[in-house]
Amino acid sequence: MTDIATRPADAVSPPPRGRRRRPRLDVGGPRAGTIAAFLTPFFLPFVLFYLVPIGYALWQSFRVVRRSGGQYGTSYTTFGGFEQYVEVFQNQEFWSSIGRIGLFGVVQVPVMLFTALVMALLLDSPLLKLKGFFRITAFMPYAVPGVIAAIMWSYLYSPQLSPVVDLLNAIGLHPDFLGPGAVLWSAANVSTWLWTGYNMLIMFSALQSIPQELYEAARIDGAGNWTIAWRIKVPIIAPSIVMTTVFSIIGTLQLYSEPAVLRQISSNISSTFTPNMLAYTVAVGNNYQQAAAISVVIAVITFVLSFGFMRLTSKRAGL
Amino acid sequence: MALMLVLAIYFLLPLYFLIVAATKPQGDLASTNGLTFSNFQLFDNLHTLFTFNGGIFGRWILNTVVYAVLGAAVGTLISALCGYALAKFRFRGREFLFSVILGGVLVPSTALALPLFLLFSEVGVVNTYFAVFLPSIVSPFGVYLARIFANAAVPQELIESARLDGAGEFRTFFSVSFRLMSPALVTIFLFQFVGIWNNFFLPMVMLQKESLFPITLGLFSWNGQTARTPLLQESVIAGSLVSIVPVIIVFIVLQRFWRSGLAAGSLK
């Protein structure tokens, strides 16, 4: 194996472009076998439980079940080309679920991240008291499983049990959190409740690593708190904001637990409410090839959106 | 300040409601105000919770602990080994392997669950502990963090002097590097632990046997039965409370670890 950059070669050849300028003791690197021993415990399960299923899903998605000799003939699976994908794209329910999740993401992600950003900036300002309390309070939902959070909120949405509904009724409002127009936003609220604090802490941690001298310099130049926050702090933590956005996009496309729980108490959530629910429903209906095609499409959309967003922002912000 | 207070109430409200509701008899849930205590019978509710259906809730707790603690422990170890090797050893294909792992971070885990189910059903692993446990140990994000931490926390000079002393790579890793990385490894463990503890889709796809369920799937199935058996509501509520209290305590106790971890994750 030649895959280890052995030190003698390094010592003879000039260091490439300023890398590793310090002269180093030549003690030899690990041998290929040793490196493999470090990598294999992760890569073996990674290949088995990540790469192989991806490959398997792709393979399945190009297959179709056919019957020989009419409707009651024996069935067999064969290569079907893009047949499954054509079917996915012709499926009205698929587009409805994508539309729903798109609407959800376009509203919920900005609301959540903007709230998180404002909270992080407030936590970072010297004016706020009780910082520790606010930090813990906001982060606590992260420890709550999505299913449990949805169950808790579903009690708060339920007309019979909810103190919130009681309260709103008392002041003359009669909300129907589980109604056809509202239930998507009720699910969005659960996601927002779960993840705002987590995102806030990522942004807050980034804010904390900005050197204080920067603010002092800005102050001498006459910048106020607002200017410092929006013109200095926000641009500096832009990479964290990008990261939280990418994770939020991935999270949105995976949406499952919240609507699945709300479905238990609301007739306004169908079994094909989100793309993931659609895939699961199709798989349970024994059309594995179709379910695989849906899974592949979801993964591709996720990839394109996350990568696209990263590329777009890194170009504009010059990161 | 006012804004922060409003938000704090928003974050605490469901938890407070859950605590109050867990202390009530089922009949009081609908008939009394949800935000004030009425007949206090938390311990009766807990007793019902732990004895209902042959005490299956205890089994679910045990399952969740096995999946989450063991899965996160194994997962952290293999992530640490891999991330450390990617950070500290120079070999051809290193950057390629790292970008494959980064790509893995972006793959939605729910999109993996269905094909995994099909594969596992072909080899007969479905409906066993392994069906949930094995996929849970893989954490591409853990490797990503481990690589960053190894770069930051383990000086190359130290590894080289250990080599000069004749220590093997594994010996160096476990006696020197592992210790230096340990605060970071706690973070990776915590995140993976919470990830598995909260996981729902994978167990739902893989498991039919109630005795293998984690808490999330168990409570979900009970919650679906409350329309027919309203008394189950009490156990769903008490069970929800029981399932989140330990994790919240762990988080409050281990604050400084996950905070440093978040900081490292956000810096790239």
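Residues numbered from 1 in each chain as written. Chains lettered and ligands numbered in written order. Predicted model: local features only at pLDDT ≥ 70, side-chain atom pairs only at ≥ 80, totals over all residues. Heavy atoms only, no water.

## Regarding the pattern of salt bridges
All names here are of chain B.
Here is step 1 of the chain: A full pass over the atoms with the stated rule returns 5 salt bridges over all chains.
Here is step 2 of the chain: Across the pair Arg94 and Glu95 runs a salt bridge, and its minimum N-O distance is 3.8 Å.
Here is step 3 of the chain: The class of Arg94 is buried, set by a relative accessible area of 13%.
Here is step 4 of the chain: Here Glu95 falls in the partly exposed class, since its relative accessible area comes to 47%.
Here is step 5 of the chain: With its nearest N and O atoms 3.0 Å apart, the salt bridge here joins Arg147 to Glu95. (Salt bridge = Lys/Arg side-chain N within 4 Å of Asp/Glu carboxyl O. Buried < 20%, exposed > 50% of the residue type's maximum accessible area, 1.4 Å probe, protein only.)

## Digging into the side chain of Ser177(B)
Residue and element names in this part refer to chain B.
Here is step 1 of the chain: As for its position among the elements, Ser177 is in helix 9 (residues 169-198).
Here is step 2 of the chain: Given a relative accessible area of 0%, Ser177 falls into the buried group.
Here is step 3 of the chain: When residues no more than four places from it in sequence are discounted, the contact partners of Ser177 are Tyr84, Val154 and Thr172. (Helix = DSSP H or I, 4+ residues; strand = E, 2+ residues; numbered from the N terminus. Contact = heavy atoms within 4.5 Å.)

## Observations regarding the interface of chain B and chain A
Here is step 1 of the chain: Opposite the 98 residues of chain B that make contact, chain A presents 100 residues.
Here is step 2 of the chain: Interface area, chain B with chain A, both sides summed: about 9000 Å², of which 77% is carbon and sulfur.
Here is step 3 of the chain: Taken together, the links from chain B to chain A amount to 0 salt bridges.
Here is step 4 of the chain: Seen at the junction of chain B and chain A, the total is 9 residue pairs in polar contact (both at pLDDT 80 or more).
Here is step 5 of the chain: With 13 residues, helix 1 (residues 2-22) of chain B is the single largest residue contributor to the side of chain B that touches chain A.
Here is step 6 of the chain: The class makeup of the residues in the side of chain B that touches chain A is 71 nonpolar, 18 polar and 9 charged. (Buried area = accessible area lost by both parts, 1.4 Å probe. Polar contact = N/O pair within 3.5 Å; in protein donor to acceptor, adjacent residues only side chain to side chain. Nonpolar A, V, L, I, M, F, W, Y, C, P; charged D, E, K, R; others polar.)

## As for the confidence of the model for chain B
Here is step 1 of the chain: Per-residue confidence for chain B averages 89 on the pLDDT scale, and 97% of its residues sit at or above 70.
Here is step 2 of the chain: Interface predicted TM-score (ipTM) for the complex: 0.90; the corresponding pTM is 0.87. (pLDDT = per-residue confidence, 0-100.)

## Focus on the nonpolar core
Here is step 1 of the chain: Ranked by internal contacts, the top residues of the largest apolar core, which has 180 residues, are Phe42(A), Val144(A), Trp193(A), Tyr84(B), Met206(B) and Trp222(B).
Here is step 2 of the chain: With residues up to four places along the chain from it excluded, the contact list for Val144(A) reads Ala149(A), Met152(A), Trp193(A), Leu194(A), Leu15(B), Asn198(B) and Ile244(B). (Core = buried A, V, L, I, M, F, W, Y, C linked by side-chain atoms within 4.5 Å.)

## Observations regarding the packing of helix 4 (residues 92-124) of chain A against helix 8 (residues 183-208) of chain A
Relative placement of two packed helices is described by the angle separating their axes and the distance separating the axes.
Residues and elements named next belong to chain A.
Here is step 1 of the chain: Taken N-terminus to C-terminus, the directions of helix 4 and helix 8 make an angle of 40°; their axes are 7 Å apart at the nearest point. Relative to helix 8, the element helix 4 is oriented oblique. Once helix 4 is placed against helix 8, the crossing between them reads as right-handed.
Here is step 2 of the chain: When the residues that make up the contact of helix 4 with helix 8 are grouped by side-chain class, the tally is 20 nonpolar, 7 polar and 2 charged. (Axes fitted to C-alpha atoms, helices over the stretch in contact; angles between N-to-C directions. Parallel < 35°, antiparallel > 145°, perpendicular 65-115°, else oblique. Left-handed = near helix turned anticlockwise from the far one by under 90°.)

## Let's talk about a nonpolar patch on the surface
Here is step 1 of the chain: Among the surface-exposed residues, Leu44(A), Val47(A), Leu48(A), Leu51(A), Val52(A), Ile54(A) and Leu58(A) lie close enough to one another that they form a single nonpolar patch of about 520 Å² accessible area.
Here is step 2 of the chain: Secondary-structure assignment places Val52(A) in helix 2 (residues 32-61). (Patch = residues over 30% accessible without salt bridge, like charges linked within 9 Å, V, L, I, M, F, W, Y side chains within 5 Å. Areas by Shrake-Rupley, 256 points an atom, 1.4 Å probe, with all protein chains shown as cover.)

## Details of the side chain of Asn45(B)
Residue and element names in this part refer to chain B.
Here is step 1 of the chain: If you trace the backbone, Asn45 turns up in helix 3 (residues 42-88).
Here is step 2 of the chain: A relative accessible area of 3% places Asn45 in the buried class.
Here is step 3 of the chain: Beyond its immediate stretch of four places on either side in the chain, Asn45 contacts Ala22, Thr23, Lys24, Glu234 and Ala238.

## Details of the packing of helix 3 of chain B against helix 12 (residues 232-253) of chain B
Residue and element names in this part refer to chain B.
Here is step 1 of the chain: At a minimum axis separation of 9 Å, helix 3 and helix 12 run at an interaxial angle of 65°. The crossing of helix 3 and helix 12 is right-handed. Facing Asn45, Leu46, Thr48, Leu49, Phe50, Phe52, Phe57 and Ile61 of helix 3, the residues of helix 12 in contact are Leu232, Glu234, Ser235, Ala238, Gly239 and Val242.
Here is step 2 of the chain: Considering only residue class, the contact of helix 3 with helix 12 consists of 9 nonpolar, 4 polar and 1 charged.

## Details of the packing of aromatic side chains
Here is step 1 of the chain: With the rule as written, the count across this model stands at 55 aromatic pairs over all chains.
Here is step 2 of the chain: Between the aromatic rings of Tyr142(A) and Trp195(A), the centroid separation amounts to 5.7 Å while the plane-to-plane angle is 70°, which identifies the pairing as edge-to-face. In this pair, Tyr142(A) is assigned in the loop between helix 5 (131-139) and helix 6 (146-157) and Trp195(A) in helix 8, connecting sequence segments 53 residues apart.
Here is step 3 of the chain: Overall, Trp195(A) belongs to the partly exposed group, its relative accessible area being 36%.
Here is step 4 of the chain: Considering the side-chain rings of Tyr84(B) and Phe89(B), the 5.7 Å spacing of their centres and the 80° angle between planes classify their relative orientation as edge-to-face. Assigned by exposure class, Tyr84(B) and Phe89(B) land together as buried.
Here is step 5 of the chain: Three or more aromatic residues link up through ring pairs in this structure, and these residues are Phe38(A), Tyr84(B), Phe89(B), Phe170(B), Phe173(B), Phe174(B) and Phe178(B).
Here is step 6 of the chain: The ring of Tyr215(A) is capped by Lys233(A), whose NZ or CZ atom sits 5.0 Å from the centre of that ring. (Phe/Tyr/Trp six-rings, centres within 6.5 Å; stacked < 30°, edge-to-face > 60°. Lys NZ or Arg CZ within 6 Å of the ring centre and 35° of its normal.)

## Some points on helix 1 of chain B
Here is step 1 of the chain: Taking 1.5 Å per residue, 21 residues should reach 30 Å; helix 1 of chain B reaches 30 Å between its end C-alpha atoms and fits that length.
Here is step 2 of the chain: Roughly 40° is the biggest bend found in helix 1 of chain B, and it falls at Leu12(B), with proline Pro14(B) one to four residues downstream. (Expected span 1.5 Å × (residues − 1). Bend = angle between axes of the 7 residues up to and from the residue.)

## What about helix 3 of chain B?
Here is step 1 of the chain: With 47 residues, helix 3 of chain B extends only 53 Å from end C-alpha to end C-alpha; this falls clearly short of the ideal 69 Å at 1.5 Å per step.
Here is step 2 of the chain: At Gly54(B), helix 3 of chain B shows its maximal kink, close to 115°.

## So, the environment of Val109(A)
All names here are of chain A.
Here is step 1 of the chain: Note that Val109 resides in helix 4.
Here is step 2 of the chain: The class of Val109 is buried, set by a relative accessible area of 8%.
Here is step 3 of the chain: In contact with Val109, other than residues within four places in its own chain, are Phe104, Ser248 and Thr252.

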